[in-house]
Structure formats: structure tokens, C-alpha cells
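Survey of secondary and tertiary structure
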Amino acid sequence: MRTRWIVAVAAVAVVAGAVVVFWPRDAEAQDPEIAVSRSSCGTGWSAPKPGPQTFRVHNTGSVTAEVDLIDPATGVIYGEVEGLGPATTRPLQVNLGNGSYAFRCLPEDAGAIVGPVAQVSGGAERSGPGVAPVTHNDLLGPLKAYQAHVTTGLGELVANTGALKNAVHGGDRTASEAAWLTAHLTYERLGAAYDAFGDSDGALNGTADGLPGGTSDEGFTGFHRLESGLWHGEDLGALAGVADRLDTDAHALQTSFGDSQVDGNDLALRAHEIMENTLQFELTGRTDYGSGTTLATARANLDGTRAVLDVLRPLLTPRYQQLPKLDTWLTRTQTTLDAAHRPDGTWTPLAQLAPKQRQKLNADVSELTELLAPIAAIAEPRRVS
């Protein structure tokens, strides 16, 4: 069970003049208790007032329910409590501006119920649009577009892993290293490091972390196993089998993805998680097995983030007021990463960045990650009926 932010920057949600903040707290006697069940919704709210207040949302029914605070005329959501179990009470803290509000209850296996409308006046005026819910139907177009994007990318991936396999079998280390980087960046642009490809991601792009034998463990396969061998002077003949398996696994992923569908919830999460993972792994050097190309990977991850934003943009434009600022930081982060791309086509290793360069890079990616965080909640598909 969890209480969810609608729009979050740090721990605060700001939606069309209503500030929604959720955190655990002990219920106080003066806080109104809002009762919800399969047969009624939102009773217990009397004498509505503007400004900061807490609702204790209590499920008096026998099934789990989701509870939204909405504008009843438009369906715009100002806050929500998810997974509210029977006989459970959870706090919903809000700072309300003037306008009409109602609680909408969505019990499991039952239709939505909208409770009594409360008119709040005498407080701050709301300005600008709220956050309209995104439905599964709204996501059909973005999901289809993203599916096509990944399908095209997987076609490029198998072509590149095939070229990499041939280079390794040809005994040319320089060509093999160049082909490795091309293939690896193709994979990273797909934003696949967050379970979008299931077990295939571990086979293709897993690390040696947690393996008993470390980099020598038989379970260490894929791009990073090959990277370790190429950049640490391992015999190319011995690496031929690693390259073969990588190519086989890439083809297997291409085949399996053709029979699968991207989940709407995953698509909303992807934009934030790609850069969050970049910050955690690439910008700490944890995924560098000798090539010194983690900044190239970070740049590819930025491309993967843009691909998700591109398909979600029609939904985000009317819902996310910080989108122009997000675009500014996307450009800023891209410029910072591109500065590490040398004229000869190589990339500056992370460890060779000057302290100020590394601080700026970390700051840029951190700010970008914060601005991406609300998208998971904004574009999450919701029931409205």
C-alpha cells in the first residue's frame, strides 16, 4: 500500500495551485476522516476550508480501493491514495485553493463512485491547468510508437553484434573494440537496462556484481564480458565464443520482443529510470570493464530518454508545466556529455575528467533526473470509471 504524489519535485506536488504532499504521520483528532467503500465515497468532509489540511482516508469496505481527490467537472486529479486496504486509514495532506473538489473511489472489481462536491472559497485562486488523468486508451499511440522504435533499434543491434562477432573472429583487436562500442551504444539507446527486456538484459548487458567468480565467472556474459576481455588483452580466439553468444542472445531478444508488448506503466517509468541508472552506474564507473567509455554510454542513455519523451510528449505537454525546463536541462546535459567526445572519435574516460568537469556532469544529470521524476506519476495509466 502506498500514497502517491501526483507531481513531485523532492517531496512536494504542485498541481494547478493545489499543493499536494504525502508523508506518514500520526492522525490528529481534528483531521476529518473521509470514509470510502464499494457503496459510498467521500463522506465525512464538512465545512470545507482553503489552505493546508489533512484528510484521514478510511476504507470502511471489504475490498482494496484507490481514492482520488479530483475536480468533479473535469476529472483533474489533485492527489491520490493507492492500495487502500479494508479497515485501513491513510493520510492525505493538501493545501487547497478555491474551487470544487470531490473524492472519487475506485474499489477493486467495481465501478468508480464520485462523492459529494465540496466548494472551497476564501483562499488562493488556482491558475493554470491541473493534471488530467492518463488512461490506457491515451497510451495506445505512444506505446505503438515506442514499440516501433525499439523494433527498429533491435534490427540495428543484431546487425552490429554480427559485425562485432566477425571482427573478433577476424583477429583484429582495434576493429573489435570499435565494433564493440558501436553495438553497445545501440543497445543502450533502447533504454533496456531496467527490466524492459526481462532476462535478456542480464545476458546481454549484465555485470559481474554478485557473481562468485567475478569477471571469471561462467555466468558473466554479454557486452561487459567481452569488454573486459578486449581491453585487458585476452586472446581473441578465446573471446570468439563470447562474441558468438552475444550475437545469439541479441537475435533471441529480437525474436522474443516481436511477440511482446511494452507495458504502459513501464513506459511512464522509463524516462526517469534511464537517467537515474546512468547516475548510479555510469557516472560512478561501476560499469566500466576497461573501455573507459561510460560517458559514451551516458550519452546513449540520454538518447534513450529522449525517445521515451518523444512518444509521451503529446500527453505531457498539457499536463507537466515543467516540461520546457526539462527540455532545457536535456540540452544542457547533452552539451556537457558531448564535451567528452574527442575529435578523433574516442571518449574521455570518466576518471580523466577534471574535478570541476565531473562535478558539473553530476549536477546536470542529477537535476535532469529530478525533473524527469514526475513523469512516472503523470503518465501512469489510471482508471477513471
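Above: the structure in question.
Residue indices begin from 1 for each chain and proceed along its sequence in written order. Since the coordinates come from a predicted model, pLDDT governs what is reported: local features require at least 70, and pairs of side-chain atoms require 80 or more to be given and counted, while whole-chain, interface and lining totals use all residues. Side-chain metrics in this entry use all non-hydrogen atoms of the structure; hydrogen atoms and water are not considered.

1. What about the state of the cysteines?
The cut-off we apply is this: When two cysteine sulfur atoms lie within 2.5 Å, the pair is treated as a disulfide. What counts as a helix is a DSSP run of H or I of at least four residues, what counts as a strand is a run of E of at least two, and both are numbered from the N terminus. Residue exposure (1.4 Å probe, protein chains only): buried if accessible area is under 20% of the type maximum, exposed if over 50%, otherwise partly exposed.
Summed over the entire model, instances satisfying the criterion amount to one disulfide. Residue pairing for Cys41: its cysteine sulfur links by disulfide to Cys105, the two sulfurs lying 2.0 Å apart. On the sign convention where negative is left-handed, the bridge of Cys41 and Cys105, at about 80° about the S-S bond, is right-handed. Here Cys41, found in strand β5 (residues 41–43), pairs with Cys105, found in strand β10 (residues 99–107); they are 64 residues apart in sequence, far enough to count as distant. Just as Cys41 is buried, Cys105 falls in that class too.

2. A few points about the environment of Ser62
Tracing the sequence through the fold places Ser62 in the loop between β6 (51–59) and β7 (65–70). Residue classification places Ser62 among the exposed residues on the basis of a relative accessible area of 61%. Between the C-alpha atoms of Ser62 and Glu108, which are 46 residues apart in sequence, the distance is 9.7 Å.

3. Brief notes about the nonpolar core
Where we set the bar: Among buried residues, the Ala, Val, Leu, Ile, Met, Phe, Trp, Tyr and Cys ones that are joined through side-chain atoms within 4.5 Å form a nonpolar core. Here, residues are in contact when the closest pair of their heavy atoms is within 4.5 Å.
Counting residues in each nonpolar core, the largest one holds 68 residues, and the members touching the most others are Leu226, Leu295, Leu312, Leu326 and Ile375. Ranked by the residues each element gives to this core, the list is headed by helix α7 (residues 294–316), at 11 residues. Apart from residues lying up to four places away in sequence, Leu326 is in contact with Leu309, Tyr320, Leu368, Leu371, Leu372 and Ile375. Judged by nonpolar contacts, the second largest core, of 21 residues, contains Phe55, Val57, Val67 and Val76.

4. Re the packing of helix α4 (residues 222–231) against helix α5 (residues 236–258)
Basically, it comes down to this: To obtain each axis, a line is fitted to C-alpha atoms, and for helices this fit is confined to the stretch in contact; angles are then taken between N-to-C directions over 0 to 180 degrees. Note that the term roughly parallel is reserved for angles under 35 degrees, roughly antiparallel for angles over 145, roughly perpendicular for angles of 65 to 115, and oblique for everything else. By convention, the crossing between two helices is left-handed when the near helix turns anticlockwise from the far helix through less than a right angle, and right-handed when the turn is clockwise. Any residue outside Ala, Val, Leu, Ile, Met, Phe, Trp, Tyr, Cys, Pro, Asp, Glu, Lys and Arg is labelled polar, Gly included; the first ten of those are nonpolar and the last four are charged.
α5 packs onto α4 with a crossing angle of 165° between their chain directions and a minimal axis gap of 9 Å. Judged by the angle between their axes, α4 and α5 are roughly antiparallel. The two elements α4 and α5 cross, and the hand of that crossing is left-handed. Residue-level inspection shows Gly222, Phe223, Arg225, Leu226, Gly229 and Leu230 of α4 in contact with α5, the latter providing Leu236, Leu239, Val242, Ala243 and Leu246. Looking at the contact of α4 with α5, its residues break down into eight nonpolar, two polar and one charged.

5. Quick notes on the pairing of strand β4 (residues 33–36)
Under the convention used in this document: What makes two strands pair is DSSP finding at least two bridges between them.
As defined by bridge partners, β4 adjoins β6 across four bridges and the pair is classed as parallel. By the bridge assignment for β6, Glu33 is matched with Arg56. Relative to β5, β4 runs antiparallel, the two sharing two bridges. Considered in β5, the bridge of Ala35 is made with Thr43. The hairpin formed by β4 and β5 contains four residues between the paired strands.

6. Here we look at the packing of aromatic side chains
Applied cut-off: When the centres of two rings from Phe, Tyr and Trp lie within 6.5 Å, Trp using its six-membered ring, the rings pair. Their planes under 30 degrees apart give stacked, over 60 give edge-to-face, and anything left gives tilted.
Per the counting criterion, the structure on display carries 10 aromatic pairs. Look at Tyr187 and Phe197: their rings are 6.1 Å apart centre to centre, the planes differ by 55°, and that puts the pair in the tilted class. Of the two residues, Tyr187 sits in helix α2 (residues 173–188) while Phe197 sits in the loop between α2 and α3 (199–205), which places them 10 residues apart along the sequence. Of the residues examined, Tyr187 reaches a relative accessible area of 1% and is grouped as buried. Summarising the aromatic geometry, the rings of Tyr187 and Phe223 are spaced 6.0 Å apart at their centres and angled 40° between planes, so their arrangement reads as tilted. Residue Tyr187 is found in helix α2, and its partner Phe223 is found in helix α4; the two are separated by 36 residues along the sequence. The same class applies to Tyr187 as to Phe223, namely buried. Feature note: the residues Trp180, Tyr187, Phe197, Phe223, Trp231 and Phe257 constitute an aromatic cluster, connected by ring pairs.

7. Remarks on the pairing of strand β8 (residues 77–84)
Burial analysis of β8 places seven of its eight residues in the buried class, the great majority of the element. Relative to β8, β7 runs antiparallel, the two being bridged by five bridges. Within β8, the position partnered with Ala65 by the bridge is Leu84. Hairpin connection between β7 and β8: a loop of six residues separates the two successive antiparallel strands, and Gly75 in this loop has a positive phi of roughly 80°.

8. Regarding helix α6 (residues 264–280)
Heads up, the condition is: Take the residue count of a helix, subtract one, and multiply by 1.5 Å to get its expected span. Each residue is assigned a bend, namely the angle between axes fitted to the seven residues that terminate at it and the seven residues that start at it. We define a polar contact as two N or O atoms separated by no more than 3.5 Å, with the added condition that, inside protein, one atom must be a possible hydrogen donor and the other a possible acceptor, whereas residues neighbouring each other in sequence contribute only through side-chain atom pairs.
Compared with the 24 Å implied by 1.5 Å per residue over 17 residues, the 24 Å span of α6 between its first and last C-alpha is a close match. Maximum bend of α6: about 45°, positioned at Arg270. Where α6 begins, the side chain of Asp263 points an oxygen toward the backbone nitrogen of Asn265, at a separation of 2.8 Å.

9. Regarding the pattern of salt bridges
Side chains that differ in charge, positive against negative, can pair when their charged atoms come close. Convention followed: By definition, a salt bridge exists where a carboxyl oxygen of Asp or Glu is found within 4 Å of a side-chain nitrogen of Lys or Arg.
Inspection of the entire model under this criterion finds 16 salt bridges. Where Asp68 meets Arg104, a salt bridge forms, and the shortest distance between an N and an O atom there is 3.1 Å. Of the two residues, Asp68 sits in strand β7 while Arg104 sits in strand β10, which places them 36 residues apart along the sequence. Among the residues examined, Asp68 registers a relative accessible area of 0% and is labelled buried. Here Arg104 falls in the buried class, since its relative accessible area comes to 5%.

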